[in-house]
Structures are given as C-alpha cells and as structure tokens.
Amino acid sequence: MGEIRKIGILTGGGDAPGLNAVIRAVVKGAILHHKVRVIGIMDGFSGLVENHARELTLTDVRGILPRGGTILGTTNRGNPFEYVERLKDGTERIVDASGAAKETFERHGLDALIVIGGDGTLAIGHRLMQEHGIPVVGVPKTIDNDLAATDRTFGFATAVEVATDALDRLHTTAESHHRIMLLEVMGREAGWIALHSGMAGGADVILIPEIPFTLEPVVAKVWARQNRGSAFSIVVVAEGAKPAGGEQVYAAVDPTTGWKRLGGLSYQLAPQLQEKTGLEVRVTVLGHIQRGGTPSAEDRILGTRFGSEALELAMAGRFGNMVALKGERIEAVPIENAINRLKLVDPEGQEVATARRAGVVFGDEDPDEVLDSE
Ligand code: F6P
C-alpha cells in the first residue's frame, strides 16, 4: 500500500443532521494532524461520475458544525452502476457509469475515498472497491437509525428531538379541541423515530412497521382515555407502518429508478378513526423538517467521532471497513456487515415492553384488554 496523500470524501443518499460535523472532522484531522489533502466530491456519487469535485480547506469547514445538510450536496439518484442519464428529449435511461467514477478518482490522484451514507450508499462504495479497486472507508449515516453493525447513526437524535417537539406542540392543541392528532414520522422500514419520539412525547398510540396493526385497539385506547376524562389522543404513525394483512402506503415512485418513497398512511387512517370514534382527527406529516436544520449536540459529537476515526482507518489503509458505534466506543467493522441487513425495532424487546407498560398501544392488542387496563 502506498503513502496516503490525498483523500476524497462524499455524502450520498438522503441528508442527515451531523454530516457537516463528519466532513469537518475529516478535513481538520487530515490537514492539521496528518498533513494530507482532502478533495470534496459534490452531490454524492454523481460528482464522481461527472467529475464535480474541489479541494476542501480549513476555511471551507469553518462554522459548519451547527449547520444541517451537507456542504458537499447529496443525491439518492447517483448510483454509478445504475446511473440515470438524461437524454436531449427529456427522457431518462439507466447506464453503467462506474468506469467514469473510477476515472475521476484517478484524475484527482486520490489514494482513498471516505463514503458517508446509508445502506444504499455504503453498498455502492463497497461495490466500487470490489469491482474497480477504489479504496473505500465508510461512515454510516441515516436519521432512520436502521443500519446493522452500528448501535447508532448520527441524525437520529436530531430527528427524534424534532418529532418530540412536534408532539409536545400537538398535545396542547389536541387537548384544547378534544381531537385525535396523528403525527406521521419518517424511518422507512424501521420504527425507531416513531418509537423514541412517541415515548419521549407521551404518545398514546405508536404504529410501527415491525408491528402490523388493526384499528380496533387504537379505538379502544381513545375510548378508554375518553372514559377517564382525557378527550384527546396522540398517535404517532411511522411512515412504513402497515395494517395487519395490508400494504405500506407510498407517496411516490421514481419512474426511472423504481425507488419508492413511503408516506401518506395517516391520511388513510384519519377518516377511519374519525368515523369509528366520533372525534375530530387531524393529520400532521412532519416530513423533511425532521431531517433539516441544526444538529443536536449528540449528533455533532457522533459525527465528529465518526469522521475522525474514519480518517484514521483511511490513513492506516484499513479499506473496506466502516466506523461503527459499539457501546461507548467507535470501532471498525466490514462494510459488508452493514449493508443489506436492517436493524429493526424488536417487537418483543425491552423498549416496546416499557412503552406497553406505560399504556402505549401498538395496534396488535386485544381491544378488550386495552379497555380493561385503563
Ligand atoms: O432514509 C431517510 C429518509 O428520510 C426516510 O426516512 C424517508 O423515507 C426518505 O429518506 C425520504 O426520502 P426523500 O429525501 O427522497 O424524500
């Protein structure tokens, strides 16, 4: 392995609060400690395909710690192996542009590439290493907290904070109007944001993908609360939740890549709940508000630790690994252990059990027991 003198860095997939902390830690550690240069690849892997890159200096990372998003830009349509090419007539087609990605890597004289992303981005990084020999180090990122092989991803804590704040606000107006409030949160196939914000925000019902639901126990919970003088209820709906025997709800499907974006379940549930309870129901879809804006202190620290340790892995030539939080420590784990394997909420686990003991309904209960327990 040759000496490491120049390192590329990119952010791929959906952004997450804390990305800039990672970039800052890499740039500062590289320039100040290791005396190596850093090239920022713009807009995820599409910057690698299109040769859109520039050197990052200490000035570039000054003041970015509290900033959400990513100064490098990102996209979830930049997979070099299935690159979306826009034709002159406005149509799109998918091509293999991974050779162009390799050329950009070589043109800039890069010795390593730090790839910050979720399972999709890390899988692409892994494939670029296997098929084109690009030496990759991974940094796991997602607000969904669904990556196997790491206890936490940065962005999750901020998303939970934002969703919890939304629940606090919905509580007051729900109580005034005697309404049922549905808050739909992100998380894809994982119910982590819903579970944690629901627990922190005192939700009465939490619907998550890992526990298929029926509306009967939800209605029973609303009635039980009504009977003891609380004529309002708060329901957190994970965007990926699904009714028992039913399907997830999608907001949109990308016509070229086939990528399906979840969203809209609460709008389907609202009229059903209104009819079954006789109470007014309102829907709030939190959307990208939970992904944007200032990262929490926890996410800044985790992002900084991940960035710093990822740089150390690159400098030590430990490619094919990603950084991961294991307990209190950041460790190196093979990227292949993190991809294609989701970390989901355990329906039988301690956190769900804790919430159930506090009266939270997940939609799989016997409705009579929900009424009896109040
Ligand atoms: O993976 C992060 C995430 O925010 C998911 O929770 C959500 O389903 C998806 O990205 C939204 O994607 P987009 O940014 O393309 O709307």
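Refer to the structure above for everything that follows.
Calculation criteria
- Residues numbered from 1 in each chain as written.
- Predicted model: local features only at pLDDT ≥ 70, side-chain atom pairs only at ≥ 80, totals over all residues.
- Heavy atoms only, no water.
- Helix = DSSP H or I, 4+ residues; strand = E, 2+ residues; numbered from the N terminus.
- Rg over C-alpha atoms; globule rule 2.2 N^0.38 Å.
- Buried < 20%, exposed > 50% of the residue type's maximum accessible area, 1.4 Å probe, protein only.
- Near = heavy atom within 4 Å.
- Polar contact = N/O pair within 3.5 Å; in protein donor to acceptor, adjacent residues only side chain to side chain.
- Areas by Shrake-Rupley, 256 points an atom, 1.4 Å probe, with all protein chains shown as cover.
- Nonpolar A, V, L, I, M, F, W, Y, C, P; charged D, E, K, R; others polar.
- Domains from an automatic or database assignment.
- Salt bridge = Lys/Arg side-chain N within 4 Å of Asp/Glu carboxyl O.
- Core = buried A, V, L, I, M, F, W, Y, C linked by side-chain atoms within 4.5 Å.
- Contact = heavy atoms within 4.5 Å.

**Q** It is not clear to me how the overall build of the chain should be interpreted in this structure. Could you clarify?
**A** When its secondary structure is counted, the chain shows eleven helices and 15 strands. Over its C-alpha atoms the chain spans a radius of gyration of 22 Å, differing by no more than 12% from the 21 Å that the globule rule assigns to 374 residues. Taken over the C-alpha atoms alone, the chain extends approximately 70 × 50 × 35 Å along its principal axes. Put simply, the chain has 374 residues, and 54% of those count as buried.

**Q** Could you clarify how one ought to interpret the site of the ligand in this entry?
**A** In the vicinity of the ligand, the contacting residues are Asn76, Ile143, Asp144, Met186, Gly187, Arg188, Glu239, Arg261, His288 and Arg291. With respect to the ligand, the side chain of Asp144 contributes an N or O atom lying 2.6 Å from an oxygen atom. In this structure, His288 approaches the ligand through a side-chain N or O atom, which is 2.8 Å from an oxygen atom. With the chains in place, 86% of the 400 Å² that the ligand exposes on its own is no longer accessible. When its residues are assigned to classes, the shell around the ligand shows two nonpolar, three polar and five charged. Among the domains, domain 1 (6-154 + 295-339) and domain 2 (156-291 + 346-373) are the pair contributing at least three residues each to the shell around the ligand.

**Q** Help me out: how do you make sense of the pattern of salt bridges in this one?
**A** Opposite charge on two side chains lets them pair, provided their charged atoms get close. Overall, the coordinates contain 19 salt bridges when judged by the stated rule. Between Arg77 and Glu92 there is a salt bridge; the shortest N-O distance is 2.9 Å. Here Arg77 is found in the loop between strand E3 (53-56) and strand E4 (83-86), whereas its partner Glu92 is found in strand E5 (residues 92-95), with 15 residues between them in sequence. On the accessibility criterion, Arg77 (30% relative accessible area) is partly exposed. On the basis of relative accessible area, Glu92 is assigned to the partly exposed category, the value being 23%.

**Q** I'm lost on the nonpolar core in this one. Help?
**A** Looking at soluble globular proteins, one finds that nonpolar side chains tend to be buried together. Among the nonpolar cores identified, the biggest contains 34 residues, and Ile7, Ile9, Ile23, Ile114, Ile116 and Val139 are the most heavily contacted of them. Looking at this core, the elements that each hand over two or more residues are strand E1 (6-11), helix H1 (19-34), strand E6 (112-117), strand E7 (136-140), helix H9 (297-315) and strand E14 (321-326). The leading source of residues in this core is H9, at seven residues. Not counting residues within four places of it along the chain, the set of residues in contact with Val139 comprises Val22, Ile114, Val115, Ile116, Gly117, Leu122, Phe154, Phe306, Ala310, Met322 and Val323. By size, the runner-up hydrophobic cluster in this structure holds 33 residues, among which are Ala16, Ala190, Trp192 and Ala194.

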